[in-house]
Amino acid sequence: MTKNLGNARYVPPRDMKVSFFSKVAPALFPLIAAALGYMIGRQFFGL
């Protein structure tokens, strides 16, 4: 099953529209995680 039989159709990659959120989300993730940890710590441990 590793032979290339040459009958696979070439599908050109689609131009996906990159939304603003998908660019910003990785940068905001540590900030959101820190804020969530701070709120949970304050609630349960009285920090």
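What you see is a predicted model, and the numbers here were worked out from it, not measured in a lab.

Rules behind the numbers
Residues numbered from 1 in each chain as written. Predicted model: local features only at pLDDT ≥ 70, side-chain atom pairs only at ≥ 80, totals over all residues. Heavy atoms only, no water. Helix = DSSP H or I, 4+ residues; strand = E, 2+ residues; numbered from the N terminus. Buried < 20%, exposed > 50% of the residue type's maximum accessible area, 1.4 Å probe, protein only. Areas by Shrake-Rupley, 256 points an atom, 1.4 Å probe, with all protein chains shown as cover. Patch = residues over 30% accessible without salt bridge, like charges linked within 9 Å, V, L, I, M, F, W, Y side chains within 5 Å. Salt bridge = Lys/Arg side-chain N within 4 Å of Asp/Glu carboxyl O. Expected span 1.5 Å × (residues − 1).

**Points about the overall build of the protein chain**
Item 1. Summing up its helical and strand segments, the protein chain has one helix and zero strands in all.
Item 2. If one aligns the C-alpha atoms of the protein chain with their principal axes, the spans along those axes are about 65 × 30 × 10 Å.
Item 3. The 47 residues of the protein chain split such that 2% are buried.
Item 4. A total accessible area of about 5,400 Å² is found for the protein chain, and carbon and sulfur atoms account for 67% of it.

**A short note on a nonpolar patch on the surface**
Item 1. Residues Leu 36, Tyr 38, Met 39, Ile 40, Phe 44 and Phe 45 make up a contiguous nonpolar surface patch of about 740 Å² in total accessible area.
Item 2. Tracing the backbone through its elements, the reader meets Phe 45 in helix 1 (residues 20–45).

**Section: helix 1**
Item 1. For helix 1, spanning 26 residues, the distance from its first C-alpha to its last is 36 Å, which sits close to the expected 38 Å at 1.5 Å a residue.
Item 2. A positive backbone phi angle near 65° is found at Gly 46, which sits one or two residues after helix 1.

**A short note on the environment of Thr 2**
Item 1. Turning to its location among the elements, Thr 2 is positioned in the segment before helix 1.
Item 2. Taking the relative accessible area as the measure of exposure, Thr 2 reaches 82% and is therefore exposed.
Item 3. When the C-alpha atoms of Thr 2 and Phe 44 are compared, they prove to be 56 Å apart, with 42 residues separating the residues in sequence.

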